[in-house]
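Each chain is listed here by its residues.
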Amino acid sequence: FSIYSSPVAGTISTCTDADFRERYGIKLDKTNLAELGLSAKAGVNYTKIENLKIISTVGIFTPYSWGEKMERRRFGNFDVDWDFAISYQFLKVLNVTLRTSLKYYPGVLIADKEGTMAERVQFKSILGLGVGYSF
């Protein structure tokens with residue numbers, strides 16, 4: 001288990017396409033948005049069961065702004081990055097891995113099927129099958 005906290009951290013969002021800038025909270029006359037804020041990260045690496053690995057990490061960030069730029073990007077509204085992986089090794093050469101990644105950023109607008117723009121959770125999963133040999 002690990003934990004990390006930083007009272008002074010920063011992020012930079014960049015968007016060169018003017019059509020997407022508003023979706024990412026960037027002013028139309030700018031190409032990037034720099035923010036100063038609070039960051040924390042935590043991680044777990046579990047390997048107590050033979051041939052099984054479970055790794056989970058979460059990171060959060062909140063800007064030190066109070067809504068003067070944009071209501072969605074204010075102190076207390078957290079960006080969340082959560083990654084989870086589970087891996088099992090068969091017969092010393094075959095490995096199966098499932099990875100998931102969850103992202104949530106207040107202020108980033110994503111369209112649904114009807115075209116309605118709103119803040120949404122982004123989710124990705126990957127299933128991998130690998131063959132490895134150590135020599």
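Residues numbered from 1 in each chain as written. Predicted model: local features only at pLDDT ≥ 70, side-chain atom pairs only at ≥ 80, totals over all residues. Heavy atoms only, no water.

Chemist: Explain the confidence of the model for the protein chain here, please?
Modeler: Detailed reading of the predicted model is not advised wherever pLDDT is low. Mean pLDDT over the protein chain stands at 85; residues scoring 70 or higher make up 93%. Per-element averaging of pLDDT across the protein chain places strand β6 (residues 109–111) at the bottom with 83 and strand β3 (residues 52–63) at the top with 94. (pLDDT = per-residue confidence, 0-100. Helix = DSSP H or I, 4+ residues; strand = E, 2+ residues; numbered from the N terminus.)

Chemist: Got a minute to help me understand the pattern of salt bridges in this structure?
Modeler: Note that side chains of opposite charge can pair when their charged atoms are close. Going through the model one piece at a time under the given rule, you end up with 3 salt bridges. Residue Lys-103 is joined to Asp-83 by a salt bridge in which the shortest nitrogen-to-oxygen separation is 3.7 Å. Note that Lys-103 is positioned in strand β5 (residues 94–104) and Asp-83 in strand β4 (residues 79–90), a separation of 20 residues in sequence. In the salt-bridge network here, residues are joined through shared partners; they are Asp-81, Asp-83 and Lys-103. (Salt bridge = Lys/Arg side-chain N within 4 Å of Asp/Glu carboxyl O.)

Chemist: So what exactly am I meant to see when it comes to the sheet that holds β3 here?
Modeler: Strand pairing in a sheet is mediated by backbone hydrogen bonds. Such pairs are either parallel or antiparallel. Within the open sheet, the 6 strands sit side by side as β1-β2-β3-β4-β5-β8. Their pairing is antiparallel. The strands lining the two open edges of the sheet, one partner per strand, are β1 (2–14) and β8 (122–131). The sheet shows a mean angle of 20° between the axes of neighbouring strands, taken without regard to direction. Where β4 meets β5, 11 bridges bridge the pair, whose relative direction is antiparallel. Pairing of Ala-85 across the sheet is with Arg-99, part of β5. (Pairing = 2+ DSSP bridges. Axes fitted to C-alpha atoms, helices over the stretch in contact; angles between N-to-C directions.)

Chemist: Honestly, the side chain of Thr-97 in this entry has me stumped. Any pointers?
Modeler: Topologically, Thr-97 is positioned in strand β5. A distance of 3.3 Å separates a polar atom in the side chain of Thr-97 from a polar atom in the side chain of Ser-87. (Polar contact = N/O pair within 3.5 Å; in protein donor to acceptor, adjacent residues only side chain to side chain.)

Chemist: Teacher, can you tell me more about the packing of aromatic side chains here?
Modeler: Taken as a whole and assessed by the stated rule, the structure comprises 3 aromatic pairs. Judged by centre distance (5.7 Å) and plane angle (20°), the ring pair of Tyr-64 and Phe-75 falls under stacked. Residue Tyr-64 is located in the loop between β3 and β4, and its partner Phe-75 is located in the loop between β3 and β4; the two are separated by 11 residues in the primary sequence. A residue is classified by how much of its surface remains accessible, and Tyr-64, at 36% relative accessible area, is partly exposed. Classification of Phe-75 as partly exposed rests on a relative accessible area of 32%. Geometrically, the ring pair formed by Tyr-88 and Phe-90 is edge-to-face, given 4.7 Å between the ring centres and 70° between the ring planes. On the basis of relative accessibility, which here comes to 33%, the residue Tyr-88 falls in the partly exposed class. (Phe/Tyr/Trp six-rings, centres within 6.5 Å; stacked < 30°, edge-to-face > 60°. Buried < 20%, exposed > 50% of the residue type's maximum accessible area, 1.4 Å probe, protein only.)

Chemist: Sorry if this is basic, but what is going on with the layout of surface pockets here?
Modeler: The gaps left among the atoms become clear once a water-sized probe is rolled over them. By volume, the largest pocket amounts to about 370 Å³. Residue lining of the largest pocket: 25 residues in total, with Thr-11, Phe-61, Asp-79, Asp-81 and Tyr-105 positioned closest to the centre. At the level of secondary structure, the elements contributing two or more residues to the lining of the largest pocket comprise β1, β2 (32–46), β3 and β4. For the lining of the largest pocket, the residue count by class is 11 nonpolar, 8 polar and 6 charged. (1 Å grid on protein atoms, 1.4 Å probe; cavity = no way out; pocket = protein on both sides within 12 Å on 5 of 7 lines; lining within 4 Å. Points joined across faces, edges and corners; volume = space filled by probe spheres on them. Nonpolar A, V, L, I, M, F, W, Y, C, P; charged D, E, K, R; others polar.)

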